[in-house]
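# Examining the three-dimensional arrangement
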Amino acid sequence: MAKEGAQRAEETEQMIEKEGCGDGAEGSGAGSPRAGDTKEMRAVLLCAFGGLNKLRVSRKAMPEPQDGELKIRVKACGLNFIDLMVRQGNIDNPPKTPLVPGFECSGIVEALGDSVKGFEIGDRVMAFVNYNAWAEVVCTPVEFVYKIPDDMSFSEAAAFPMNFVTAYMMLFEVANLREGMSVLVHSAGGGVGQAVAQLCSTIPNVTVFGTASSFKHEAIKDSVTHLFDRNADYVQEVKRISTDGVDIVLDCLCGENTGKGLSLLKPLGTYILYGSSNMVTGETKSFFSFAKSWWQVEKVNPIKLYEENKVIAGFSLLNLLFKQNRSGLIKGVMDKLLNLYNSKKIKPVVDSLWALEEVKEAMQRIHDRGNIGKLILDVEKAPTPLMANDSTETSEAGEEEEDHEGDNENKERMPFIQ
């Protein structure tokens, strides 16, 4: 195992490739720039849907801002579970490959497109990007860009938009969180889970129930009211503490947890599905695992919802931004979140920093649920020699793997956490 880890570390250090993804990249502008092109950048390329071997760092033509866009010199990029699903092609209507993954970043404004107002060259910003974030330079419409507070680092800024906007929208826009309510959140140690816990603490007397792998409990025990092992019978544990159940369930797992979440809702309670990580088991997409997870989803009977006074909802921030054109709504939410940050009521939790060339290992850490908070790709970071442990080795999980969350009491965090 150690030998394999050392071999992967050596491969990582040699990932920058002029060839990009080969012939397929050339036709889409994703490979090496043509002769005469002088402006180029490093970017993470997903050459095809599948396992970690489909990712590589390559040279790519640098984009220039179009009308209404900002050009950002990227300092840090956020890495989310949805990025694993994109890599596998495990999403609806995935874009064609090769592509540059990533949906959020932070950096410095380098150029302004026509008609851009409110920003200047040199501004420190964070932004949503409709793919293409994992690169040294990105261009994105001005409505998706926000200025960074003076005391917020670039790594914190890259950890802020996706997690905190998602958490805020679900709690306050969808579920109408108020004083004295109770919330159950899965994956409480992850980026969204930690954002949920912090936002709940801004409202008096909110009880937070959380599930997480046991090796995370010591690190996150103070962020939630009641913490359960993800493998425990959390339904009975919650009902033992709160006989009537909870007011809000935030479910990023799906599968059998859907029925469990609905069963825990109080009258007028709200269940929100915002992810389906139980469908990601092995390194590559598995139809068997996908079908198995959906088979476990309890069929929702509208009459039963009516009789029990329960609400079921779904939330996708990326669809809200890029398909449903609600950037104005998100701008208002970001303003509220930045006020909370400036008043020191919330703060992004950064798990670890990774070089672009370490993207495979970073993705594996998320797959193994080894992170506490957000993983960040630091564009200026040099690759670090990697430990040959379970967090960095490529998973060979098969279709029928059950314990895919890597619930390992002995799992160590990476040595270069900052």
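Residues numbered from 1 in each chain as written. Predicted model: local features only at pLDDT ≥ 70, side-chain atom pairs only at ≥ 80, totals over all residues. Heavy atoms only, no water.

An unreviewed UniProt entry annotates the chain as VAT1L protein originating from Upupa epops. Under the UniProt heading Sequence similarities (unreviewed entry), the entry covering the chain gives this text: "Belongs to the zinc-containing alcohol dehydrogenase family. Quinone oxidoreductase subfamily." (UniProt positions renumbered as here; feature names shortened; annotations may be inferred.)

## Quick word on the pattern of salt bridges
Tallied over the entire structure, the rule returns 18 salt bridges. The closest approach of N and O atoms between Lys71 and Glu64, which form a salt bridge, is 3.0 Å. With a relative accessible area of 5%, Lys71 lands in the buried category. Residue classification places Glu64 among the partly exposed residues on the basis of a relative accessible area of 36%. In this structure, Glu237 and Arg240 form a salt bridge, with 3.0 Å as the shortest nitrogen-oxygen distance. Here the residue Glu237 and the residue Arg240 both occupy positions in helix 8 (residues 234-241), the gap between them amounting to three residues, near one helical turn. (Salt bridge = Lys/Arg side-chain N within 4 Å of Asp/Glu carboxyl O. Buried < 20%, exposed > 50% of the residue type's maximum accessible area, 1.4 Å probe, protein only. Helix = DSSP H or I, 4+ residues; strand = E, 2+ residues; numbered from the N terminus.)

## With respect to empty space enclosed by the protein
Applying the stated criterion to the full structure yields two cavities of 30 Å³ or more. Quantified by volume, the largest cavity comes out at close to 40 Å³. What lines the largest cavity is simply Ala159, Asn163, Phe164, Gly191, Gln194, Ala195, Gln198, Lys347, Pro348 and Val349. Within the residue set of the lining of the largest cavity, elements represented by two or more residues are helix 5 (161-174) and helix 6 (191-200). The dominant element in the lining of the largest cavity, judged by the number of residues it contributes, is helix 6, at four residues. By residue class, the composition of the lining of the largest cavity is five nonpolar, four polar and one charged. (1 Å grid on protein atoms, 1.4 Å probe; cavity = no way out; pocket = protein on both sides within 12 Å on 5 of 7 lines; lining within 4 Å. Points joined across faces, edges and corners; volume = space filled by probe spheres on them. Nonpolar A, V, L, I, M, F, W, Y, C, P; charged D, E, K, R; others polar.)

## Some points on the sheet that holds strand 8 (residues 182-185)
Across the sheet, which stays open at both edges, the six strands sit in the order 10-9-8-11-12-13 with parallel pairing between neighbours. Either end of the sheet is taken by a strand with one partner, and the two such strands are strand 10 (226-229) and strand 13 (311-314). On average, adjacent strands in this sheet sit at an angle of 15° to one another, irrespective of strand direction. Packed onto the sheet, helix 6 meets strand 8, strand 9 (207-212) and strand 11 (246-251) and runs at close to 170° relative to strand 8. Running over the sheet, helix 9 (residues 257-264) touches strand 8, strand 11, strand 12 (265-273) and strand 13 and is turned about 150° from strand 12. (Pairing = 2+ DSSP bridges. Axes fitted to C-alpha atoms, helices over the stretch in contact; angles between N-to-C directions. Contact = heavy atoms within 4.5 Å.)

## Concerning the side chain of Arg42
Structurally, Arg42 is set in strand 1 (residues 40-46). A polar contact is formed between the side chain of Arg42 and the side chain of Glu357, at a distance of 2.7 Å. (Polar contact = N/O pair within 3.5 Å; in protein donor to acceptor, adjacent residues only side chain to side chain.)

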